[in-house]
Amino acid sequence: MAIRASTEARLLDAADALLFRRGVAATPVDRVLELAGASPATLYRAYGSKEGLVAAALARRHERWLAVWDEAVAEAADDRGRLLAVFEALDRFRARPDGARWCAVLGTAAEYAEAPLEIDAAVRRDTDALRARLQARAAPLVGPAAAEGLAEALLLVVSGALAMRLRDGAGGPGRAVAEVLVDAAVRDSGGASA
């Protein structure tokens, strides 16, 4: 059953503010409801469970992240810059008021030994989008055959850069490592680094 857009926004804002900063398990649903000014009946009618709310909040965050990434890609001057724009986007997204110490998707996934279906689907959607976008941006540089391997390597670097934000607050040398990988892949493929 649908709820009013303003109520949905309040619930998702509260979920985002609490769950992805304090942790899903550590945050009681009553605290989310209190911050949102919503009733338990409203939450369960709209999302079915706390996990449904978490998945919806992750989906909204995912769409916002993709928009920030698209902006960074649009500003890049060449194919290499468009591929590496993911790192500029990570910095921009973190600096937003709704940014977080690290990745809300990875943080949520780490909280579950066996994630409920809706959480698992949200994590997979984010991972699949990251993988597909990196592969699509790598193809002009290294060709379709090598793009998949480069995308997988960059996915690992991006995930590591996100994890480093927990250690040093910055993300470590993720972009520098990615640049080395991209340039080596371009050389190996016979392409020219743009």
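Residues numbered from 1 in each chain as written. Predicted model: local features only at pLDDT ≥ 70, side-chain atom pairs only at ≥ 80, totals over all residues. Heavy atoms only, no water.

By the naming in an unreviewed UniProt entry, the protein chain goes by Helix-turn-helix domain-containing protein and is assigned to Nocardioides kribbensis.

Viewed as axis vectors pointing N to C, helix H1 (residues 5-22) and helix H2 (residues 29-36) meet at an angle of 130 degrees, and their least axial separation amounts to 8 Å. Relative to H2, the element H1 is oriented oblique. Helix-helix and strand crossings are classified by hand; for H1 and H2 the assignment is right-handed. Counted together, Arg10, Leu11, Ala14, Ala15, Ala17, Leu18 and Leu19 of H1 and Arg31, Val32, Leu33, Leu35 and Ala36 of H2 form the full contact between these two elements. Of the residues contributing to the contact of H1 with H2, the split by class is ten nonpolar, no polar and two charged. (Axes fitted to C-alpha atoms, helices over the stretch in contact; angles between N-to-C directions. Helix = DSSP H or I, 4+ residues; strand = E, 2+ residues; numbered from the N terminus. Parallel < 35°, antiparallel > 145°, perpendicular 65-115°, else oblique. Left-handed = near helix turned anticlockwise from the far one by under 90°. Contact = heavy atoms within 4.5 Å. Nonpolar A, V, L, I, M, F, W, Y, C, P; charged D, E, K, R; others polar.)

Volume-wise, the largest pocket comes out at about 360 Å³. Around the largest pocket, the lining comprises 22 residues; the ones closest to its centre are Trp65, Leu90, Cys103, Asp126 and Leu162. Mapped by element, the contributors of at least two residues to the lining of the largest pocket are helix H4 (50-75), helix H5 (79-95), helix H6 (104-110), helix H7 (117-142) and helix H8 (144-168). With five residues, the single largest contributor to the lining of the largest pocket is H8. The residue makeup of the lining of the largest pocket, split by class, is 14 nonpolar, four polar and four charged. Empty space within the second largest pocket amounts to approximately 210 Å³. (1 Å grid on protein atoms, 1.4 Å probe; cavity = no way out; pocket = protein on both sides within 12 Å on 5 of 7 lines; lining within 4 Å. Points joined across faces, edges and corners; volume = space filled by probe spheres on them.)

Our focus in this paragraph is H5. The end-to-end C-alpha distance of H5, which contains 17 residues, comes to 25 Å, matching closely the 24 Å that a straight helix rising 1.5 Å per residue would cover. In the structure, H5 departs most strongly from a straight axis at Ala85, where the bend amounts to approximately 40 degrees. Of all the residues in H5, the buried ones are Arg80, Leu83, Leu84, Ala85, Val86, Phe87, Ala89, Leu90 and Phe93. Looking at the packing, one finds that the buried side of H5 touches H4, H7, H8 and helix H9 (174-189). (Expected span 1.5 Å × (residues − 1). Bend = angle between axes of the 7 residues up to and from the residue. Buried < 20%, exposed > 50% of the residue type's maximum accessible area, 1.4 Å probe, protein only.)

Packing of H4 against H5 brings their axes to within 8 Å, and their N-to-C directions diverge by 125 degrees. Classified by the angle their axes make, H4 and H5 are oblique. Of the two elements, H4 crosses H5, and the hand of that crossing is right-handed. Facing Arg61, Arg64, Trp65, Val68, Trp69, Glu71, Ala72, Val73 and Glu75 of H4, the residues of H5 in contact are Arg82, Ala85, Val86, Glu88, Ala89, Leu90, Arg92 and Phe93. Each residue belonging to the contact of H4 with H5 can be placed in one class, and the counts come to ten nonpolar, no polar and seven charged.

Another aspect to go through is the UniProt feature "DNA-binding region" (unreviewed entry) in the protein chain. On the UniProt side, "DNA-binding region" (unreviewed entry) is annotated at positions that read residues 28-47 here. Secondary structure within residues 28-47 divides into 80% helix and 0% strand; the distance between the first and last C-alpha atoms comes to 16 Å. (UniProt positions renumbered as here; feature names shortened; annotations may be inferred.)

Turning next to the UniProt feature "domain: HTH tetR-type" (unreviewed entry) in the protein chain. Per the UniProt record, "domain: HTH tetR-type" (unreviewed entry) is annotated on residues 5-65. The span residues 5-65 is 82% helix and 0% strand, and its two end C-alpha atoms sit 21 Å from each other.

Looking now at the packing of aromatic side chains. Think of a pair of aromatic rings as described by two things: how far the centres are apart, and how the planes are tilted against each other in angle. This structure, assessed with the given rule, holds two aromatic pairs. Taken together, a centroid distance of 6.0 Å and an interplanar angle of 80 degrees make the contact between Trp65 and Phe93 edge-to-face. Of this pair, Trp65 sits in helix H4 while Phe93 sits in helix H5, and the two are 28 residues apart along the sequence. Comparing Trp65 with Phe93, the two get one shared label, buried. An aromatic cluster is present here, built from Trp65, Trp69 and Phe93 joined pairwise through their rings. The ring of Trp69 has Arg133 lying over it, and the distance from NZ or CZ to the ring centre is 5.3 Å. (Phe/Tyr/Trp six-rings, centres within 6.5 Å; stacked < 30°, edge-to-face > 60°. Lys NZ or Arg CZ within 6 Å of the ring centre and 35° of its normal.)

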